[in-house]
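Per-entry structural report
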Amino acid sequence: MKLYNSLTHTKDEFKTHTPGHVEMYTCGPTVYHFAHIGNLRSYLMEDVLEKYLRYTGYDVKRVMNITDVGHLASDADTGEDKMLKGARREHKTVMEIAKFYTDAFFSDCEKLNIKRPDVVQPATGCIDEYIKIVSALLDKGYAYLAGGNVYFDTSKLKQYYVFNDHDEEDLAVGVRDSVEEDQNKRNKADFVLWFTKSKFEDQALKWDSPWGVGYPGWHIECSGISLKYNGEYLDLHCGGIDNAFPHHTNEIAQSESYLGHPWCPQWFHVHHLNTSHGKMSKSKGEFLTVSLLEEKGYDPMVYRSFCLQSHYRKSLVFTWENLDNAKAAYDKLIARIAALGDDGELEQGAMDELRVAFRAAMDNDLNTSMAVTVLYDVLKSKLNDKSKRALLDEFDQVLGLRLLDRAAKAAAPKAETASAEADPEIDALVAARTAAKQAKNWAEADRIRDELKARGIELTDTKEGTTWKRI
Ligand code: AMP
Ligand code: ZN
């Protein structure tokens, strides 16, 4: 499988430290608010990647942090802790906020069919880990104490800007106009590993440390949690593209300095979901949630298929019109699957040809829109219905569109729209007509209606399904 690697800027052959096993890490959400559908685009595409790795036979261990401390309102180690801001907004404690929005995040993930990682670790649960790493970095001379805080000294590295497409001057925190420079830093790019002094003295959560009572910087939590659960050799690190700098750059700096050897050779970054005003962001407060989509009548699977239609390395513009197009396509796909029967024996030989096409799409840097096209190829193929169903179900283990589940629901509207009189034979004919309509087999649908009419049955088509009565 070829996967674009942000470190090398090329599509590289995917490799792992231990053959057949993937150690995977994902930067989790900052739980001070609901996740917006932009955040969820990142988790959704990472989910497809994880599921595809499993599909191809890898055993995957996926670890995710939950940021419940240390993520400040700006990248520059200045500003208020986001969690504290959330707690103040809602007149709750930081821990109440963290619990509520962590649960909300996993409920959104469930709705979008995003698998829960094998390990989910709140950042506040690994303080000893961070203290161990920061102490070692101080001992090795990669860190220094200034003004009560511990900083990472980026001048000690041969190469700090590892995702080397950055313009160093533009990106160095502190030279951006909007950002206030921290006078304690020896170098502009240095960052805080442990705070004991902040302008915001009301930080709710603090822990004892060799450098005084304080709290960890944001970046150290991901290094600490990954090293604890994934071990010294991480195979694959994921996140949204905005995390590449400074967050991931700093994770690499501190992890490799601590370990004394390379840490993670493969970096997977998902590009942004944008609105017409730019990047969807929590801090701007302008964002859409999964619940809002549901309130407006969209199945979360429609959003999933909307994301799969575009490549993860391209930014994706959200408009209601684009979502409606995705809905129309998804509904049609489901209707076609609902019309499939279940006859025949599995035709493994012919199924293999389509498996090759599916894998070719996914092996090409996770080309999910091409993989979705293969679903249509399955439907168009000469395979019998049983084989089509089996193959669609198999590919859906990776794509996660809940195809067969939604198709079963689409094929059963008559249950909810029971007619005044029960007659299984008429019900079966009505269902067959619905399936024919969904498959755009208008001739068959008309034939069944005529047959029913000849038997004195009148049909009424409603949004919820078809009802019948005797005339
Ligand atoms: P946060 O909860 O702010 O820590 O972000 C959680 C994840 O969502 C991170 O991996 C971010 O890089 C990612 N992310 C943030 N905004 C967007 C967006 N508009 N589109 C896609 N991913 C995003
Ligand atoms: Zn992280």
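Sequence order sets the numbering: in each chain, residues are counted from 1 along the sequence as written. Chain letters start at A and ligand numbers start at 1, both assigned in the order the entries are written. Residues qualify for local features only when their pLDDT is at least 70, as the model is predicted, and side-chain atom pairs are given and counted only at 80 or more; totals for whole chains, interfaces and linings, by contrast, use all residues. Side-chain descriptors were evaluated using all non-hydrogen atoms of the structure, hydrogens and water having been removed beforehand.

Two numbers describe how helix α12 (residues 368-380) lies on helix α13 (residues 385-399): the axes approach to 10 Å, and their chain directions differ by 170°. As judged from the angle between their axes, α12 and α13 are roughly antiparallel. The segment α12 lies against α13, with Ala-371, Val-372, Val-374, Leu-375, Val-378 and Leu-379 engaging Lys-388, Leu-391, Leu-392, Phe-395 and Leu-399. In the contact of α12 with α13, the residues fall into 10 nonpolar, no polar and 1 charged. Helix axes use the C-alpha atoms of the stretch in contact, all axes being lines fitted to C-alpha atoms, and the angles between their N-to-C directions lie in the range 0 to 180 degrees. To qualify as a helix, a DSSP run of H or I must reach at least 4 residues; to qualify as a strand, a run of E must reach at least 2; elements of each kind are numbered from the N terminus. Here is the rule for angles: anything less than 35 degrees is roughly parallel, anything more than 145 is roughly antiparallel, 65 through 115 is roughly perpendicular, and the remaining ranges are oblique. Contact between two residues is taken to exist if any of their heavy atoms lie within 4.5 Å; hydrogens are not considered. Under the grouping applied here, Gly and all other residues not named as nonpolar or charged are polar, the nonpolar ones being Ala, Val, Leu, Ile, Met, Phe, Trp, Tyr, Cys and Pro and the charged ones Asp, Glu, Lys and Arg.

A separate point is the coordination of the zinc ion (ligand 2). Each metal's donors are the N, O and S atoms within 2.8 Å of it, or within 3.2 Å when it is Na, K or Ca, and because water is not part of the set, sites may look incomplete. The protein atoms that coordinate the zinc ion (ligand 2) are Cys-27 (SG), Cys-222 (SG), His-247 (NE2) and Glu-251 (OE), at distances spanning 2.0 to 2.7 Å. Spacing between the donor residues of the zinc ion (ligand 2) along the chain follows C-x194-C-x24-H-x3-E. Here His-247 lies in helix α7 (residues 244-259) and Cys-27 lies in the loop between β3 (21-26) and α1 (37-55), a separation of 220 residues in the sequence. Burial classes follow relative accessibility: with a 1.4 Å probe on protein chains only, a residue under 20% of its type's maximum area counts as buried, one over 50% as exposed, and anything between as partly exposed. His-247 sits in the buried class, given a relative accessible area of 1%.

Attention now moves to the sheet that holds strand β7 (residues 149-152). Two strands form a pair only when DSSP identifies at least two bridges running between them. With antiparallel pairing, 4 strands are arranged side by side in an open sheet as β6-β7-β8-β9. At either end of the open sheet lies a strand with only one pairing partner, and these are β6 (143-146) and β9 (215-216). Pairing of β7 with strand β8 (residues 191-195), which is carried by 3 bridges, proceeds in the antiparallel orientation. Directly across from Phe-152, in β8, lies its bridge partner Phe-191.

Attention now goes to the packing of aromatic side chains. Ring pairs are drawn from Phe, Tyr and Trp, using the six-membered ring of Trp, whenever the two centres fall within 6.5 Å, and their geometry is named by plane angle: stacked under 30 degrees, edge-to-face over 60, tilted for the rest. Taken as a whole and judged by the stated rule, the model has 24 aromatic pairs. Seen from their ring centres, Tyr-55 and Phe-358 are 5.8 Å apart, and the 75° between their planes marks the pair as edge-to-face. You can see Tyr-55 sitting in helix α1 and its partner Phe-358 sitting in helix α11 (residues 348-363), a full 303 residues away along the chain. The residues Tyr-55 and Phe-358 share a single accessibility class, namely buried. Seen in terms of ring centroids, Phe-318 and Trp-320 are 5.2 Å apart; in terms of plane orientation they differ by 80°. Their pairing is edge-to-face. With relative accessibility at 31%, the residue Trp-320 sits in the partly exposed group. Three or more aromatic residues joined by ring pairs make a cluster, and in this case those are Tyr-298, Tyr-303, Phe-306, Phe-318 and Trp-320. Residue placement shows Lys-92 over the ring face of Phe-100; its charged tip is 5.2 Å from the ring centre. Placement of a positive charge over a ring is assigned whenever Lys NZ or Arg CZ falls within 6 Å of the ring centre and within 35 degrees of the normal to the ring plane.

With that settled, the discussion passes to the side chain of Asp-365. Within the element layout of this structure, Asp-365 appears in the loop between α11 and α12. Looking at Asp-365, the relative accessible area reads 1%, which means it is buried. Apart from residues lying up to four places away in sequence, Asp-365 is in contact with Lys-2, Leu-3, Tyr-4, Lys-11, His-311, Tyr-312 and Arg-313.

In this section: the nonpolar core. The biggest cluster of nonpolar side chains holds 84 residues, and the ones touching the most others in it are Leu-236, Tyr-303 and Phe-358. Broken down by element, the residue count for this core peaks at 10 residues, all from α1. Ignoring any residue separated from it by four or fewer positions in sequence, one finds Tyr-303 in contact with Ile-37, Gly-38, Arg-41, Leu-44, Leu-112, Leu-273, Leu-293 and Leu-323. We call a set of buried residues a nonpolar core when its members are Ala, Val, Leu, Ile, Met, Phe, Trp, Tyr or Cys and they connect through side-chain atoms within 4.5 Å of each other.

Counting buried residues in strand β4 (residues 59-66) gives 6 out of 8 residues, a clear majority hidden from the surface. In this structure, β3 lies alongside β4, joined through 6 bridges in parallel fashion. Each residue of the ladder has a partner; that of His-21, found in β4, is Asp-59. Pairing of β4 with strand β5 (residues 119-122) involves 4 bridges; the strand directions are parallel. For Met-64, the partnering residue across the bridge sits in β5 and is Val-120.

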